[in-house]
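Listed here are the chains, written in short residue letters.
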Amino acid sequence: MLLYLKDFCERNDPWGSSQGKDAYQNLQQEVSIAEEKVIGISLKGLIFIDPSFFRECVSTLASHFRGEKYFFLCDINDPDIMDNCRLGSIKHGVPFLVKGPSGSFFIGPEISEPNTKLLDYVINHGQVTTPNLARDLKLSVQNASTRLKRLTAEGYLIRKNEGSPTGGREFVYATPIS
């Protein structure tokens, strides 16, 4: 599901907490009835967005649905808009995967270098299992499992319980747009 943020705003240059809260109410209603678990938020058609609007609208939305629905951003072609989205997500403590023309990357709260490498690995491989990640990044299975669980709880990754080739169940971790 892809939602265009401009469709939930009064203007194409939304700003401020008040406008952010109004747009949030409209978005929240749409997302709450959606069956999809992964929702893209397109910024296409917006000529400006300030950090407080993004924080009160999009970051609050992602925080409200954390663990139920997963959000990614796309169509951010202006570096100032990107920077304001980054600031809004940091202030609210909510990470977002950004799908860009040259690849995908996360914005939001600062993460450690080892976890950045782990997230880059997941982005590059689409989806991973704990044993494969541990083997390829030379981590213990316990360490890999703990880090994947933490990154999932923080909103960076999605965890799915799938059948294992050996007949059991195993968790598969992915980004929202894998």
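Our structure is the block above this text.
Rules used throughout
- Residues numbered from 1 in each chain as written.
- Predicted model: local features only at pLDDT ≥ 70, side-chain atom pairs only at ≥ 80, totals over all residues.
- Heavy atoms only, no water.
- Helix = DSSP H or I, 4+ residues; strand = E, 2+ residues; numbered from the N terminus.
- Contact = heavy atoms within 4.5 Å.
- Buried < 20%, exposed > 50% of the residue type's maximum accessible area, 1.4 Å probe, protein only.
- Pairing = 2+ DSSP bridges.

A word on the side chain of asparagine 115
Here comes step 1: Of note, asparagine 115 is situated in helix H4 (residues 113-125).
Here comes step 2: Sequence-distant contacts of asparagine 115, that is, excluding residues within four places in its chain, are made with Arg147 and Leu151.

Topic: unusual backbone geometry
Here comes step 1: For aspartate 75, which is not glycine, the phi dihedral falls at a positive 60°.
Here comes step 2: Following the sequence through the fold, aspartate 75 ends up in the loop between strand S3 (70-74) and helix H3 (79-92).
Here comes step 3: For aspartate 75, a relative accessible area of 32% puts it in the partly exposed group.
Here comes step 4: At lysine 138, a position not held by glycine, the phi torsion is positive, near 55°.
Here comes step 5: Tracing the sequence through the fold places lysine 138 in the loop between helix H5 (130-137) and helix H6 (141-153).
Here comes step 6: Looking at lysine 138, the relative accessible area reads 74%, which means it is exposed.

Here's the deal with the pairing of strand S5 (residues 103-107)
Here comes step 1: Looking at chain direction, strand S4 (residues 96-100) and S5 are connected through five bridges and run antiparallel. Each bridged residue has a counterpart across the sheet, and for phenylalanine 96 the counterpart in S5 is isoleucine 107.
Here comes step 2: Linking S4 back to S5 in an antiparallel pair, the connection comprises two residues.

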